[in-house]
Amino acid sequence: MKPLDVVASAFRNAFRSRLRTSLTVLAIFIGAFTLSLTNGLGTGINQYIDDTVSSVGVDDVMTVTKASEDVPTDGGPAEYDPDQIAADGPPGATATALTDDDIDTIAGIEGVQSVEPAKSVMVDYVQHDDGTRYQLSVAEFVPGMRVELASGEQVDLDAADPELVLPESYLEALDLGTAADAVGQTVALAVTDATGKQVTAEATIVGVAEPGVITMGGAIPNDVLTEELHDLQTTGAPEAETTRYAQASVSFDAAAGAVEAQALQDRLDDAGFTGSTLEDQLGAVTAVIDGIVLVLNGFAVIALVAAGIGIVNTLFMAVQERTREVGLMKAMGLSSSRVFSLFSIEAVVIGLVGSALGVLGAIGVGQLVNGVSGDLLADLPGLTLIAFDPVSVATVVLSVMAIAFLAGTLPALRAARQDPISSLRYE
Amino acid sequence: MAPPLLSVSNLHKTYGSGPSAFEALKGLDLDIAEGESLAIIGKSGSGKSTLMHLLALLDRPTSGTITLDGTDTSRLSAKQLNQTRNSAFGFVFQQFFLNAQASVLDNVTLPLKIAGVPRRERTARGMAALAQLELDDKASNKANDLSGGQKQRVVIARALINQPRVIFADEPTGNLDTATGAVVEDILFDLNRRRGINLVVVTHDEDLASRCDRSI
């Protein structure tokens with residue numbers, strides 16, 4: 001029997017008992033549908049996080065802070081350290097400042113390609129055309145980072161003139177008109193220097209950022225602007241103050257892989273610093289989402305296993321029904337291996353039909369849910385709640401077919417082992 | 001004299017083992033010449049079906065040899081046995097063993113499908129075999145919709161389609177009334193005479209047995 005004939009016969013046989021097959025297909029459908037939907041949910045949310053991530057940093061940059069070694073491990077109070085300064089993050093969080101010496105030390109560590117101290121700038125207000133003054137926080141720009149833009153372009157790090165990307169929410173307040181109008185206009189940024197005097201600097205808007213989850217509210221300056229603001233801010237401060245940084249950005253070779261990145265982190269650790277990659281920072285979020293998806297997938301797999309037992313049952317009945325037919329075919333010279341493939345392919349066909357329908361159904365429902373969630377979750381622009389990537393869809397279909405094949409082996413083996421004589425005597 | 005097509009010597013077949021063992025065949029010797037028709041008769045339980053199964057290579061003897069065309073069949077592998085049955089033998093059973101929901105043509109071409117013959121050739125040969133038995137107008141009917149005699153003719157067409165050298169018939173007329181049974185017998189003996197196909201018939205019907213060249 002030709003393989004094509006085997007497959008064609010298996011297809012026909014699968015639908016010989018329509019009601020029975022349909023019910024089994026329905027069971028598979030439910031499992032595959034649930035699995036696709038939970039998978040799609042994970043894909044959608046993680047995709048959204050990935051998109052947002054590239055606006056926070058890039059994957060070949062590590063944020064390095066000085067490890068606070070004096071924090072007692074037993075949870076007791078930490079000794080006061082005069083080098084401690086307020087760090088980014090939740091109010092009250094502190095970090096030990098990095099000095100120029102520390103920067104040199106970091107630059108000397110193997111694997112570090114370049115190190116850039118983060119110059120934190122506290123902007124008092126932003127003003128356009130002598131209008132109302134608004135508070136503005138300034139984010140730190142890491143080379144390679146990309147912000148979702150409503151208009152304009154990313155800041156040019158090498159530009160000679162001060163530039164910034166302004167969040168969309170400031171447009172109306174600063175009377176800048178539409179996003180397209182705002183690009184090219186100039187705003188004034190004010191900082192207070194060390195002597196308590198308020199000074200301003202001018203910057204050109206090159207782009208307008210769309211609100212995202214993570215960059216909401218912050219403006220992004222280029223190096224020239226940061227430098228200028230930092231210089232203004234530290235005017236009159238003692239030398240020791242101007243060379244203290246909360247953190248530094250270290251570039252490393254991301255292509256070298258996770259092991260090398262881990263080794264670099266260990267070396268930084270030995271030197272008394274803490275290096276964290278973007279993945280470390282976001283790892284917690286994605287780990288939680290992956291965990292939830294895994295649990296949901298677990299339920300779907302349980303449904304699939306139940307459906308697999310349904311396949312076993314269906315095929316055992318089919319083998320029983322076709323005892324004489326199998327006996328006849330074997331008498332006519334059909335080999336046992338062909339009988340086996342005839343029945344196991346029939347199981348795979350049931351799996352294929354069920355999972356294909358399930359995936360299609362999930363994609364259909366996903367579209368509906370995305371339409372509804374677009375309205376419900378309007379605060380998270382750009383979020384596709386349920387996304388389907390071809391790889392995970394194919395994985396679902398293929399693994400269901402694999403489960404079906406496994407389920408089919410038992411009945412198929414029974415059919416293959418049938419003795420033609422006793423099968424033909426069967427009445 | 002030409003060497004026999006099938007030759008059997010000192011054939012034993014025992015079912016079960018120990019005290020409950022049942023010896024169905026006790027040292028049988030038999031030669032079947034090319035083109036011969038043979039009837040195996042006897043009471044039920046006398047081992048005639050057993051003999052047919054052994055001759056048709058559906059079962060292996062407990063001891064003794066079956067030689068087909070000068071080859072000792074006990075030396076053949078399972079695959080070779082399957083091929084031999086598929087290409088050299090045709091089967092007609094008392095129960096028709098037709099796939100009720102498949103078309104008559106699909107039922108008839110089943111041995112060719114097993115042999116791996118392409119669909120186009122299967123259809124052509126299937127129609128030719130049906131035409132021989134005057135069933136070509138029923139080719140696309142469901143097997144279930146045929147009368148008993150028609151079904152048995154479909155079974156004969158199926159047995160003929162691979163141009164076998166031997167047709168094994170187990171009670172071919174057992175399920176038919178006398179008139180249709182006679183028609184089926186005529187077809188079988190006609191094939192035996194005109195095409196030289198060996199006929200091995202298992203029956204308890206003396207009349208049918210008497211039409212064979214030899215009865216055992």
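Calculation criteria
- Sequence order sets the numbering: in each chain, residues are counted from 1 along the sequence as written.
- All chains are assigned letters beginning at A, and all ligands numbers beginning at 1, according to the order in which they are written.
- A pLDDT threshold of at least 70 governs which residues receive local features in this predicted model, and a stricter bar of 80 or more applies before side-chain atom pairs are shown or counted, although totals over entire chains, interfaces and linings include all residues.
- Here the side-chain values reflect all heavy atoms present in the structure, with hydrogen atoms and water set aside.
- Numbering of helices and strands runs from the N terminus, with a helix taken as a DSSP run of H or I at least four residues long and a strand as a DSSP run of E at least two residues long.
- Relative accessibility thresholds used throughout: buried, under 20% of the residue-type maximum; exposed, over 50%; partly exposed, between the two (1.4 Å probe, protein chains only).
- Whether two residues are in contact is decided by their heavy atoms, any of which lying within 4.5 Å being enough.
- Shrake-Rupley sampling with a 1.4 Å probe provides the accessible areas, and residues are treated as covered by the protein chains on show and by no other component.
- When DSSP finds at least two bridges between two strands, those strands are taken to pair.
- Any residue with relative accessible area above 30% and no salt bridge may belong to a patch, with like charges joined within 9 Å and the nonpolar Val, Leu, Ile, Met, Phe, Trp and Tyr side chains within 5 Å.
- Throughout this description, the term salt bridge denotes a Lys or Arg side-chain nitrogen within 4 Å of a carboxyl oxygen of Asp or Glu.
- The convention used is that axes are lines fitted to C-alpha atoms, helices contributing only their stretch in contact, and that angles between N-to-C directions extend from 0 to 180 degrees.
- An angle counts as roughly parallel when it lies under 35 degrees, as roughly antiparallel when it exceeds 145, as roughly perpendicular when it falls between 65 and 115, and as oblique in every other case.
- Each crossing gets its hand from how the near helix is turned against the far one by less than a right angle, where anticlockwise is left-handed and clockwise is right-handed.
- Gly is put with the polar residues, along with every residue not named as nonpolar or charged; the nonpolar set is Ala, Val, Leu, Ile, Met, Phe, Trp, Tyr, Cys and Pro, and the charged set is Asp, Glu, Lys and Arg.
- What we call a nonpolar core is a set of buried Ala, Val, Leu, Ile, Met, Phe, Trp, Tyr and Cys residues that are connected through their side-chain atoms within 4.5 Å.
- Note on definitions: buried area is the accessible-area loss of two parts on being combined, 1.4 Å probe, summed for both.
- N or O atoms closer than or at 3.5 Å make up a polar contact, with two conditions inside protein: a donor-capable atom paired with an acceptor-capable one, and, for residues adjacent in sequence, both atoms drawn from side chains.
- UniProt positions are given in the numbering used here, feature names are shortened, and annotations may be inferred rather than shown by experiment.
- Here the expected span of a helix is defined as 1.5 Å times the quantity of residues minus one.
- Each cavity reported here is a set of points on a 1 Å grid over the protein atoms alone in which a 1.4 Å probe fits but cannot get out, each pocket an open set with protein on both sides within 12 Å along at least five of seven lines, and each lining residue one with an atom within 4 Å of a point.
- Grid points are joined across faces, edges and corners, and a volume is the space filled by probe spheres set on the points.
- Note on scores: pLDDT gives the predictor's confidence for each residue, bounded by 0 and 100.

### Section: the overall build of chain A
When helices and strands are counted, chain A shows 13 helices and 13 strands. Each of the 427 residues in chain A was classed as buried or not, and the buried ones make up 44%. For chain A, the share of sequence-separated contacts (at least 6 apart) that also reach a separation of at least 24 residues comes to 80%. Split by element, the accessible area of chain A, about 21100 Å² in all, is 58% carbon and sulfur.

### What about the sheet that holds strand 5 (residues 71-72) of chain B?
Across the sheet, which stays open at both edges, the 4 strands sit in the order 2-1-4-5 (chain B) with antiparallel pairing between neighbours. Across the chains shown, the open sheet's two edge strands, defined by having one partner strand only, are strand 2 (22-32) and strand 5 of chain B.

### So, the pairing of strand 4 (residues 114-117) of chain A
All names here are of chain A. Only one face of strand 4 is buried: it carries Val115 and Pro117, and the other face, with Ser114 and Glu116, is open. As paired strands, strand 4 and strand 12 (residues 248-251) are joined by 4 bridges and run antiparallel to one another. Across the sheet, residue Glu116 finds its bridge partner in strand 12, namely Ser249.

### Side note on helix 2 (residues 78-88) of chain B
For helix 2 of chain B, the full list of buried residues reads Leu81(B), Asn82(B), Thr84(B), Arg85(B), Asn86(B) and Ala88(B). Packed against the buried residues of helix 2 of chain B are helix 10 (323-331) of chain A together with strand 4 (63-68), strand 6 (89-92), helix 4 (110-115) and strand 7 (166-170) of chain B.

### Concerning the environment of Val117(B)
Here Val117(B) shows up in the loop between helix 4 and helix 5 (119-132). Judged by its relative accessible area of 12%, Val117(B) is buried. Once residues within four sequence positions are removed from consideration, Val117(B) is found in contact with Lys2(A), Asp5(A), Leu112(B), Arg122(B) and Arg125(B).

### Here we look at a nonpolar patch on the surface
On the surface, a nonpolar cluster with roughly 570 Å² of combined accessible area is contributed by Val288(A), Ile292(A), Val295(A), Leu296(A), Phe299(A) and Ile302(A). Following the sequence through the fold, Val295(A) ends up in helix 9 (residues 278-321).

### A word on the pairing of strand 8 (residues 198-203) of chain B
Residue and element names in this part refer to chain B. Of all 6 residues making up strand 8, 6 are buried, and the element is well covered by its neighbours. Neither face of strand 8 is left uncovered, since the one carrying Asn198, Val200 and Val202 and the one carrying Leu199, Val201 and Thr203 both have all their residues buried. Relative to strand 8, strand 3 (residues 37-41) runs parallel, the two sharing 5 bridges. Paired with Ile40 across the bridge in strand 8 is Val202.

### Concerning the packing of helix 6 (residues 148-160) of chain B against helix 7 (residues 178-195) of chain B
All names here are of chain B. Direction vectors running N to C along helix 6 and helix 7 enclose 20°, while the axes themselves pass 9 Å from each other. Taken together, helix 6 and helix 7 sit at an angle that is classed as roughly parallel. Here helix 6 and helix 7 pass one another in a crossing that is right-handed. For the pair formed by helix 6 and helix 7, the contact residues are Gly149, Gln152, Arg153, Ile156 and Leu160 on the first element and Thr180, Val184, Ile187, Leu188, Leu191 and Arg195 on the second. Classifying every residue of the contact of helix 6 with helix 7 gives 6 nonpolar, 3 polar and 2 charged.

### Brief notes about the nonpolar core
With 71 residues, the main nonpolar core has Ile311(A), Phe343(A), Leu55(B), Phe89(B) and Phe168(B) as its most contacted residues. Sequence-distant contacts of Phe343(A), defined by excluding residues within four places in its chain, comprise Leu315(A), Ala318(A), Val319(A), Arg322(A), Val326(A), Ala412(A) and Ala415(A).

### Observations regarding the interface of chain B and chain A
Listed as interface residues are 23 residues of chain B and, on the opposing side, 21 residues of chain A. Of the roughly 2000 Å² buried at the junction of chain B and chain A (both faces included), carbon and sulfur atoms supply 58%. When the buried area of chain B at its contact with chain A is split by residue, Phe97(B), Lys113(B) and Ile114(B) rank highest and sum to 30% of it. If you look at where chain B meets chain A, you find 0 salt bridges. Run the count over chain B and chain A and you get 0 residue pairs in polar contact (both at pLDDT 80 or more). Breaking the side of chain B that touches chain A down by element, the ones donating at least two residues are helix 2 and helix 4 of chain B. With 5 residues, helix 4 of chain B is the largest single contributor of residues to the side of chain B that touches chain A. Looking at side-chain class alone, the side of chain B that touches chain A contains 11 nonpolar, 7 polar and 5 charged residues.

### Quick word on the UniProt feature "transmembrane region" (unreviewed entry) in chain A
Residue and element names in this part refer to chain A. Residues annotated by UniProt as "transmembrane region" (unreviewed entry) correspond here to residues 292-318, 339-365 and 385-407. Each end of residues 292-318 is marked by a C-alpha atom, and these two atoms are 39 Å apart; helix forms 100% of the span and strand 0%. Spanning residues 339-365, this segment combines 100% helix with 0% strand, and its end C-alpha atoms are found 39 Å apart.

### Some words on the packing of helix 11 (residues 336-376) of chain A against helix 12 (residues 390-417) of chain A
All names here are of chain A. Put simply, helix 11 and helix 12 touch, their axes get as near as 7 Å, and they point 150° apart. Classified by the interaxial angle, the pair formed by helix 11 and helix 12 is roughly antiparallel. For the element pair helix 11 and helix 12, the recorded crossing hand is right-handed. The residue makeup of the contact of helix 11 with helix 12, split by class, is 18 nonpolar, 6 polar and no charged.

### Concerning helix 6 of chain B
Compared with an ideal rise of 1.5 Å per residue, which puts 13 residues at 18 Å, helix 6 of chain B spans 18 Å between its outermost C-alpha atoms and is within 8% of the ideal. Judged by how many residues are buried, helix 6 of chain B sits mostly within the fold: 11 of 13 residues are covered.

### Here we look at the layout of surface pockets
One water molecule sets the probe size; rolling that probe over the atoms shows where empty space is left. If you add up the space inside the second largest pocket, you get close to 870 Å³. Forming the walls of the second largest pocket are 42 residues, and the residues nearest its centre are Arg16(A), Glu325(A), Asn99(B), Ala100(B) and Ala102(B). Within the residue set of the lining of the second largest pocket, elements represented by two or more residues are helix 1 (3-14), helix 2 (18-53), helix 9, helix 10 and helix 11 of chain A together with helix 3 (104-108), helix 4 and helix 5 of chain B.

### A few points about the pattern of salt bridges
Residues and elements named next belong to chain A. Overall, the coordinates contain 3 salt bridges over all chains when judged by the stated rule. Residue Glu321 is joined to Arg20 by a salt bridge in which the shortest nitrogen-to-oxygen separation is 3.0 Å. Here Glu321 is found in helix 9, whereas its partner Arg20 is found in helix 2, with 301 residues between them in sequence. For Arg20, a relative accessible area of 16% corresponds to the buried category. The salt bridge partner of Arg322 is Glu346, with a shortest N-O separation of 3.1 Å. Residue Arg322 is located in the loop between helix 9 and helix 10, and its partner Glu346 is located in helix 11; the two are separated by 24 residues in the primary sequence. Glu346 sits in the buried class, given a relative accessible area of 3%.

### Topic: the confidence of the model for chain A
Detail in the predicted coordinates should be disregarded across regions flagged by low pLDDT. Mean pLDDT over chain A: 78, with 82% of residues reaching 70 or higher. In the model, residues 86-94 of chain A has pLDDT below 50 throughout and makes 8 contacts with residues more than four positions away in sequence or in other chains.

### Things to note about empty space enclosed by the protein
Under the definition given, this model contains 2 cavities of 30 Å³ or more. Of the pockets and cavities examined, the largest cavity occupies roughly 50 Å³. Taken together, Met332(A), Arg85(B), Asn86(B), Phe89(B), Gly90(B), Phe91(B), Pro111(B), Arg158(B), Ala159(B) and Asn162(B) make up the full set of residues lining the largest cavity. If you list the elements that add at least two residues to the lining of the largest cavity, you get helix 2, strand 6 and helix 6 of chain B. No other element matches strand 6 of chain B, which puts 3 residues into the lining of the largest cavity. Among the residues forming the lining of the largest cavity, the class breakdown is 5 nonpolar, 3 polar and 2 charged.

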